[in-house]
Amino acid sequence: MKGKKRLAEIIILCMGMYVLCACSKQKVPVSDKIYVGITCYDQSDTFLSELLVCFKEELKILNQKGIETTMTVRNADRSQRVQNDQVKELINAGCNVLCVNLVDRADPSEIIDVAKEHDVPIIFFNREPVAEDMKQWDKLYYVGADAKQSGVLQGELAVEMIQKNSQIDHNKDGKIQYVVLEGEAGHQDAIIRTENAVDTLNQKGIELEKLSYQIANWNRAQAQNRMEQILGQYKNRVELVLANNDDMALGAMDAYKKLNYTEAVLPVFIGIDGTDMGLKAVEDSMMAGTVYNDKEGQARAIAELSAALVTGEEDKIEFSKGNYIYLPYSKVTKENVHEYLN
Ligand code: GAL
Ligand code: CA
């Protein structure tokens, strides 16, 4: 009798332990409110400010679905030190997910350490950390786009235009004299875009003559300045301007306008991003084309991933690879620009 009772006790104990184990395996939602802390490398950057507008829209959509969200945005103003402090402040203020647009994409360690210490996941976006750093913790994510693809598509746009219009080769020497306006040194979207755009032109058999490469830090005014210098040296010899983003393509156009160049000598301008102004310039036939950087898609991915990380529903998220989500780029010309204008 005693033995039977003992056996019953052991069975009950085992069942209890099984239930306990099963429970701990289930994902327990940490919180049902999403407190997003965002820090941006520079809020005056056109593409990022437009991306933030989209992100706010996405959070509204989540709110309408009954998911409560609040967000706090900080501008790091191009200082990594300031951004590190902002991350600490956001964590102290109770944020349960961080969205970080790194100032220095090669220097995220301090941010990762504090986030890890407080167990707050990080979604990096737009400025991709180096792969090694992404391995520092399993709660690090990245949302952005494939830099190589944007370069290839920009190169293809240029090829299509050059093949369609023999007038682009102004001096009829069989070569396209070109300049490149580059983003920041060390940014994944600068050097990779340039390389792949130029490689694509070469591969498609377009003969090129490089006149000048200038860094203009994504910035319209800096690009205008660089382009004025280039024009001082090369006058009306430039036939193609490849810009790593729309703002710099627009800046190059500003330089031609300021120096009163006639329409007949204008080169072909091609940008990347499809910002509001960029799309407008394509619509107005000022810019020949651009490559759309899907800010709506990126904003949606960041918002949905933020919510999933907080509520423990990460398995519902579709990743491109590992902890990465890449949204595709697409080509925009006068023919299809209406699909992109609001
Ligand atoms: C790029 C974008 C640029 C600039 C940069 C900032 O993806 O094309 O316009 O916003 O990010 O990191
Ligand atoms: Ca030529």
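What comes next is a walk through the structure.

1. Considering the coordination of the calcium ion (ligand 2)
Point 1. For the calcium ion (ligand 2), the protein coordination sphere consists of Asp 169 (OD), Asn 171 (OD1), Asp 173 (OD), Lys 175 (O), Gln 177 (OE1), Glu 239 (OE) and Glu 239 (OE), at 2.3 to 2.5 Å.
Point 2. Sequence spacing of the donor residues for the calcium ion (ligand 2), all on one chain, is D-x1-N-x1-D-x1-K-x1-Q-x61-E.
Point 3. Among the residues examined, Lys 175 registers a relative accessible area of 32% and is labelled partly exposed.

2. Let's talk about the pattern of salt bridges
Point 1. If you walk through the whole model with that rule in mind, you get 19 salt bridges.
Point 2. A salt bridge links Lys 88 to Glu 110, with the nearest nitrogen and oxygen atoms 3.0 Å apart. Placement of Lys 88 in helix H3 (residues 80-92) and of Glu 110 in helix H4 (residues 109-117) is noted, with a sequence separation of 22 residues between them.
Point 3. With a relative accessible area of 39%, Glu 110 lands in the partly exposed category.

3. Looking at the site of ligand 1
Point 1. Lining the immediate surroundings of ligand 1 are Tyr 41, Asp 45, Phe 47, Asn 126, Arg 127, His 187, Asp 189, Arg 193, Trp 218, Asn 245, Asp 273 and Asn 293.
Point 2. Asp 273 places a polar side-chain atom, nitrogen or oxygen, 2.6 Å from an oxygen atom of ligand 1.
Point 3. Here an oxygen atom of ligand 1 and a side-chain polar atom of Asn 293 are 3.5 Å apart.
Point 4. In the complex, the protein chains occlude 99% of the 310 Å² of accessible area that ligand 1 would expose alone.
Point 5. Of the pockets mapped on this structure, ligand 1 occupies the largest cavity.
Point 6. Looking at which domains feed residues into the shell around ligand 1, each of domain 1 (33-145 + 294-327) and domain 2 (148-292) gives three or more.

4. Remarks on the environment of Asp 169
Point 1. Relative to the elements of secondary structure, Asp 169 occurs in the loop between helix H6 (147-164) and strand S6 (176-182).
Point 2. On a C-alpha basis, the gap between Asp 169 and Pro 267 in space is 9.1 Å, while along the polypeptide they are 98 residues apart.
Point 3. When residues no more than four places from it in sequence are discounted, the contact partners of Asp 169 are Gly 174, Lys 175, Ile 176 and Glu 239.
Point 4. A distance of 3.3 Å separates a polar side-chain atom of Asp 169 from the backbone nitrogen of Asp 173.
Point 5. At a separation of 2.8 Å, a polar atom in the side chain of Asp 169 contacts the main-chain amide nitrogen of Gly 174.

Rules behind the numbers
- Residues numbered from 1 in each chain as written.
- Chains lettered and ligands numbered in written order.
- Predicted model: local features only at pLDDT ≥ 70, side-chain atom pairs only at ≥ 80, totals over all residues.
- Heavy atoms only, no water.
- Donors = N, O, S within 2.8 Å, 3.2 Å for Na, K, Ca; no water.
- Buried < 20%, exposed > 50% of the residue type's maximum accessible area, 1.4 Å probe, protein only.
- Salt bridge = Lys/Arg side-chain N within 4 Å of Asp/Glu carboxyl O.
- Helix = DSSP H or I, 4+ residues; strand = E, 2+ residues; numbered from the N terminus.
- Near = heavy atom within 4 Å.
- Polar contact = N/O pair within 3.5 Å; in protein donor to acceptor, adjacent residues only side chain to side chain.
- Areas by Shrake-Rupley, 256 points an atom, 1.4 Å probe, with all protein chains shown as cover.
- 1 Å grid on protein atoms, 1.4 Å probe; cavity = no way out; pocket = protein on both sides within 12 Å on 5 of 7 lines; lining within 4 Å.
- Sits in = over half its atoms within 2 Å of the grid points.
- Domains from an automatic or database assignment.
- Contact = heavy atoms within 4.5 Å.

By themselves these figures say nothing about function.
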